[in-house]
Each structure stands twice: as structure tokens, then as C-alpha cells.
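These are the residues of each chain, in order.
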Amino acid sequence: MAKICLCLTAKTIKRNLEILNKYRKNADIAELRVDCLDPDERLYIRRFPELAGLPVILTIRRDIDGGYFSGGEGARVKLLANGLAYAKADSRYNYAYVDIEEDFDVPSLEEAARTFGTRIIRSFHDLNGVISDIPSKMKSMQRSGDEIIKVALAAKSTKDVLNVFEASKTVTAQDKIVICMGHYGIYSRILAERFGSFLTYSSALGEVEVAGGPGQMDVRELSEMYRFGKISKKTKVYGIVGYPLKASVSPWFFNTVFGLENTDSVYVPFPADSIKDLLELAQKLEVMGLSITVPYKELVIPFLAKRSAAVQSIGACNTLYRSDDGWIGENTDCTGFSTSLLGFLNKKNLKHIKITVIGAGGVARSVASEIHRLGGKALIINRTVHKARNLAMKYNFRWGGLPQNEGDSQGLEQIYKYNDIIIQTSSVGMEGYEAKDPLEHYTFNGKERVMDLIYTPAVTPFLKRAMAAGCKTINGYDMVIRQACLQYTSFTETEIPDKLLAQVNTFGESTWNKIRSA
Ligand code: ATR
């Protein structure tokens, strides 16, 4: 099973030990990043394994490899020798591993390490991208069988991650560590076991100024939320696909449910720049089910082997699950949205209610379809007017553009006529996007019911203004949990027991936000 390594990047030995003691139960191995230590502190690295009380990797990362050591190779060799010197018969007093780069060539030091049972991690870093022939690189790094080969590459696309995954399968006879650095590679860290990695690196993100590497995850999140230590080859993998996918409640929700019911499943974020490449990778990783979010709810449809009636009629899909023939597409946004809206209004339908819908993307399609089904009348406004028109015409609704200024009387007048409820479905105001109000030129009268389907941040600039005007408001958290429950049923063919959902809900929105920002 892959292990969790906690990278220690504080400036002093004392601080590193404090961090280690706080997160000890979350880690199997620690890495002392000597390059992050103050120069004076580097004199005391020899005793660290003894003080740490768990296996430690000795690493002095050069600046060209993304580290902080700029003192020249002679000084680095001397420091490495200091760390490995005076080896004790009891191996707990020695470094368990030493990380040396593939171009490092000091045989005497390597020999000394081997003699005293310190395993060599032979590493290669590329901070600029993913080299073209990874399998050849990995093969060329294979020296003696007791070494661990490590390749850490900056993935700039989903295709990069796919290539690294394929390459990792070419080395089977030797322990290896295969990491895609950066945002695209996050799941290569969580699914280290699937990528064939001996360990995954993490940091105590709330404690240190610098993470051990770009895209490293928080050690506690990895071990407690993702239950990393339980992920095996048999674990069922689910996840969410989107871009930029900076913040989503779904990994927290599903992993909390899986943890509470103690099922052998994990749910991971799959940030992707290409839905096609991601689905190819998901197939290879044997992913069982996917949530689909911005901007792929429509783009995913051509890749489906089968689509539900809702996906067919709405033209948007937010849930994929596996069958022998390929992916089956479902839409849980519709029911998630309408049950949330009706609960908010305390109504059974939308008869005689006039609604403005902002946005005409994937989620707006589900919103429009449900408003129509429930007997409401709507005006759809969107930055790209023809998309609003296409959607509105389907249901005999009105359409328009987003008012561009206060003088846009025609546009604003329409909205004043359709303002019993205003539903914001666009990505404007979402974390990762511009913090803007898509309806800034509209003045609330305080009687509108306002729903913003965004939940990160919990209060968008649009919702804040509505609240200040006295409107009753709701964000997208309630809807996202409702649609996630329906996704769970698509994924597992069972419903989340009410008792378990109540347990999840005790964590609540604010707690989740706290966890996320901690
Ligand atoms: P989703 O599945 O969440 O609906 P989507 O299909 O990508 O995501 O749709 C995003 C919506 O946000 C669209 O209505 C989009 O407007 P366009 O159709 O004009 O692209 C809207 N949107 C995104 N960025 C926007 C911006 N900066 N200003 C206004 N609208 C924006």
C-alpha cells in the first residue's frame, strides 16, 4: 500500500518536530527538507531521525529542481555526508531514505548509504512540463534494484497526466514514485496506489510558508478526508470533472459519506482541460462514476454510450456511471434544483410565478426545464444572447442580454416584470472566477426571492446585494447536496440512509467552509 510522506519545510529543526508531532498520526514517513532550513540549523540534521521517531527521508533539493538550496554541489555533498555519517547499528537512528537526483554522481556517498541500510530515492524533476519520452527516462534511471525511482513532472494538461500514468506502468520490477505536480496532477497524489507509487508527498499546509512541491495536498485532508491509508487496488474510485475546479463541496460530501458508512470507495477531484482525455484516463483508472461540472455538462454528451430521458431532453449531463457498454449519463441537477427551490419557497409548484434566470449554460438548462415542468414563467438573460434565446424558445419563455448599464431600460424593464424570483446560474462570482455581480445595474426592491446556485463563496457579490436590500436568499449549497444524494444513488444503486445524511449535515455548510479554508 502507498504511504503518506509528510514534507517538513520549516526553517528550524524544532519547528519541524512540532509539526511532525501534531500530524504524526497522519503520516507514515517524514521528509526533512534540509534546503528549507536556516543555514545554522543545517548543522544539526544528523540527529533528526532519532528525534523524529519514524522513517525519515533526507533531501536537499536544489533550486533548479524547485527547492531552495543554491549553495553549490560541493556544499550539498558535504551536507548530505553529514546527514548520513556516523551510522548507528540501530537503523532507527539513521535516515531511512536519501533523495539524490539522477545526475548526482558521488559513488562513495551512495555506497555509504547502502552499507547502513539507507535506501536511495533516485529522483528526476521537471518543473517546466512533462518530457516526451517518460518510459525511456524511467528505464535509464534504473540502477540497482534496491533503489526507488522518483519522477515528478509538472503536468500542464490532462494529456500529460495520462502520459505519466501510462509510463508508470512500464516500470514494474522496482519501487517507484510517480507524481504529476501542479493543479492537474492532484489525483495522481490521492490515487498514488493506482499510479503505482511507493509513497505520496504531502504538507501541513496550515503550518508552513511553503509546501514541499507544487500541488501538494494537506496531510490531514489526505489521510482523514480521503482516507488515503485505505485506498487499495480494489477501492472503488469516483470523482468530479471540471475546470478550473478550484472549490467543490462534492469531494468533502462523498468522502464523508463513504467514511461514515465505512465503504471501500474514494471520491477525487479531476481538474481537466479536455473531457475526452479525462474520460480516457478515467477508463484506464477504472473510475466507477463521475460528477460533471462547469464547463463540461454539455460537452460530455457525445461521449455517452447511453443517456437518460432527462439528459436527452435537457441537453445537459452532470452524472456519469459505468456500464459494460460505456458511460451512462444522468442529470441530477433538475430534481436537486427544483426540490431546493420549492423547499425555499415552501410551495408545491411555480404556477403564476415570474422568474428571471441569469445564465444559459449547462445548469440553466436544468433550471429552465424544471421551471417549465412546475408551471412557472421565465425570462432568461445571458451574456451570449443567442444562447438565452435558444433555451427560452424551447419552453416559450422570454429572453434577453445581461443589462450593460443603468440606462439599459429595455433590458431592465423586462427583469422588473419577472422578478418574483431571480435565479443566478452563471459562473460569475464563483471562486476561481471574477468576483463580479452579473446583475449590477438592477435595483432590488427587497421582495424578490433570490437564489444563487454558487456556494463557493457562500455569499457572492450578487447575493450580498440582494441580502442588503432585504430579499430572502438561498445559495447553491442545499441544491448541490440534494443533487449529490441523487448522484450517490446513480453510483451505488442505493439511497443514502436519512440517519447518515443527518450525520453528514451536522458538519453543515459553515463547517465545510471552515474545513476548506483551514
Ligand atoms: P454551468 O454548467 O454551470 O451552467 P456553463 O455551461 O459553462 O456552466 O455556463 C456558464 C454560464 O455562465 C453561461 O451562461 C455563461 O455565459 P455565456 O453563455 O455567455 O458564456 C456564464 N458566464 C460565464 N462567465 C461569464 C462572465 N464573465 N460574464 C457573464 N456571464 C458569464
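Residues numbered from 1 in each chain as written. Predicted model: local features only at pLDDT ≥ 70, side-chain atom pairs only at ≥ 80, totals over all residues. Heavy atoms only, no water.

**So, the overall build of the protein chain**
The criterion, for reference: Elements are defined by DSSP. Helices are runs of H or I of four residues or more, strands are runs of E of two residues or more, and each kind is numbered from the N terminus. Values of the radius of gyration come from C-alpha atoms, whereas the globule rule sets the reference at 2.2 Å times the count of residues to the power 0.38. In this scheme, a residue with accessible area under 20% of its type's maximum is buried, one over 50% is exposed, and one in between is partly exposed, where area comes from a 1.4 Å probe on protein chains only. In what follows, residue pairs with any heavy atoms lying within 4.5 Å of each other are defined as contacts. All accessible areas in this document rest on Shrake-Rupley with a 1.4 Å probe, and a residue is counted as covered only by the protein chains that are shown. His is not counted, nor are the chain ends; Lys and Arg add positive charge and Asp and Glu add negative charge. The location of each charge is read from NZ of Lys, CZ of Arg, CG of Asp or CD of Glu.
Within the protein chain, the secondary structure is distributed over 18 helices and 21 strands. By the compact-globule yardstick of 24 Å for 518 residues, the protein chain fits well, its C-alpha radius of gyration being 26 Å. With the C-alpha coordinates of the protein chain rotated into their principal frame, the extents come out at 85 × 50 × 45 Å. When burial is assessed residue by residue, the protein chain has 56% of its 518 residues classed as buried. Counted over contacts in the protein chain with a minimum sequence separation of 6, partners at least 24 positions apart contribute 67%. With the model as given, the accessible surface of the protein chain reaches about 22200 Å², and the carbon-plus-sulfur share is 51%. If you average the places of the 66 positive and of the 59 negative side-chain charges in the protein chain, the two averages end up 5 Å apart.

**Here's the deal with a positive patch on the surface**
Put simply, the rule is: Candidate patch residues must exceed 30% relative accessible area and have no salt bridge, after which like charges are joined if within 9 Å and Val, Leu, Ile, Met, Phe, Trp or Tyr side chains if within 5 Å. Counted as salt bridges are all cases of a side-chain nitrogen of Lys or Arg within 4 Å of a carboxyl oxygen of Asp or Glu.
A cluster of basic residues, K354, K377, R398 and K417, forms a positive patch at the surface. Here K354 lies in strand 16 (residues 354-358).

**Re the sheet that holds strand 16**
To keep things clear, this is the line we draw: Strand pairing requires that DSSP identify at least two bridges connecting the strands. Every angle, taken between N-to-C directions, lies between 0 and 180 degrees, and every axis is a line fitted to C-alpha atoms, over only the stretch in contact when it is a helix.
If you trace the 6 strands from one edge of the open sheet to the other, you get 18-17-16-19-20-21, paired in parallel fashion. On the outer flanks of this sheet lie strand 18 (398-401) and strand 21 (472-474), each paired with one strand and no other. Ignoring strand direction, the axes of neighbouring strands in this sheet form an average angle of 15°. As paired elements, strand 17 (residues 377-382) and strand 18 share 4 bridges and run parallel to each other. Bridging across to strand 18, L379 finds its partner in R398.

**Some words on the packing of helix 12 (residues 333-345) against helix 13 (residues 362-373)**
Selection criterion: Note that the term roughly parallel is reserved for angles under 35 degrees, roughly antiparallel for angles over 145, roughly perpendicular for angles of 65 to 115, and oblique for everything else. Left-handed is the label given to a crossing in which the near helix is rotated counterclockwise from the far helix by less than a right angle, and right-handed is the label when the rotation is clockwise. Following the grouping adopted for this structure description, the nonpolar residues are Ala, Val, Leu, Ile, Met, Phe, Trp, Tyr, Cys and Pro, the charged ones are Asp, Glu, Lys and Arg, and the polar ones are all others, Gly among them.
Relative to each other, helix 12 and helix 13 sit at 60°, their axes nearing to 9 Å. One finds that helix 12 runs oblique with respect to helix 13. For the element pair helix 12 and helix 13, the recorded crossing hand is right-handed. Of the residues in helix 13, those in contact with D333, C334, T335, F337 and S338 of helix 12 are V363, S366, V367, E370, I371 and R373. Residues belonging to the contact of helix 12 with helix 13 are distributed by class as follows: 5 nonpolar, 3 polar and 3 charged.

**Section: helix 14 (residues 385-395)**
Filter applied, for reference: Picture the helix axis, draw a direction to every C-beta atom, and the arc is the one those directions span.
Buried within helix 14 are the following residues: A388, L391, A392 and Y395. The buried residues of helix 14 all sit within an arc of 95° when viewed along its axis, so they share a single face. Where helix 14 is buried, its residues meet helix 13, strand 17 and strand 18. One or two positions beyond helix 14, positive phi appears at N396, with a value near 65°.

**Section: a nonpolar patch on the surface**
Together, V385, M393 and W399 make up an exposed nonpolar region whose accessible area comes to about 260 Å². Mapped onto the elements of the fold, W399 is located in strand 18. Here W399 falls in the partly exposed class, since its relative accessible area comes to 33%.

**Topic: the site of the ligand**
The condition is simple: A molecule or strand has a residue near it when one of that residue's heavy atoms lies within 4 Å. Within 3.5 Å is the distance limit for a polar contact, defined as a pair of N or O atoms, with the added protein rule that one can donate a hydrogen and the other accept it, and that residues adjacent in sequence qualify only through two side-chain atoms.
Taken together, 17 residues are adjacent to the ligand, and G362, N382, R383, T384 and K387 come closest. Here E298 contributes a side-chain N or O atom positioned 3.5 Å from an oxygen atom of the ligand.

**Observations concerning the nonpolar core**
Heads up, the condition is: The term nonpolar core refers to a set of buried residues drawn from Ala, Val, Leu, Ile, Met, Phe, Trp, Tyr and Cys, joined through side-chain atoms within 4.5 Å.
Counting residues in hydrophobic clusters, the biggest one holds 112 residues, and the most contacted among them are F253, F270 and L290. Top element by residues in this core is helix 17 (residues 477-492). It accounts for 7 residues. Within the second largest apolar cluster, 29 residues are counted, among which are I355, V357, A368 and Y395.

**Thoughts on the pairing of strand 6 (residues 148-154)**
Within strand 6, 7 of the 7 residues are buried, which leaves the element mostly enclosed by the surrounding structure. Along strand 6, one buried face is formed by I148, K150, A152 and A154 and the opposite face, lined by I149, V151 and L153, is buried too. Inspection of the sheet shows strand 5 (residues 119-126) paired to strand 6 by 6 bridges, in the parallel sense. From the neighbouring strand, I121 faces strand 6, where its bridge partner is I148.

**Things to note about the sheet that holds strand 11 (residues 265-271)**
Strand order in this open sheet of 6 strands is 11-10-12-14-15-13, and the pairing throughout is mixed. Here the strands that pair on one side only, and so sit at the sheet edges, are strand 11 and strand 13 (306-307). Inspection of the sheet shows strand 14 (residues 319-323) paired to strand 15 (residues 326-330) by 5 bridges, in the antiparallel sense. Looking across to strand 15, one finds that S323 is bridged to G326.

**Remarks on helix 10 (residues 275-284)**
When we look at burial in helix 10, the residues that qualify are I275, D277, L278, L279, L281 and A282. Looking one or two residues beyond helix 10, the residue adopting positive phi is E286, at roughly 60°.

**A look at the environment of Y488**
Mapped onto the elements, Y488 comes out in helix 17. Of the residues examined, Y488 reaches a relative accessible area of 4% and is grouped as buried. Ignoring anything within four residues of it in the chain, the contact list for Y488 reads F254, V257, F258, E261, E493, T494, E495 and I496. Within polar-contact distance, the side chain of Y488 engages the side chain of E261 at 2.7 Å.

Remember that the coordinates give geometry; whether it matters functionally is a separate question.
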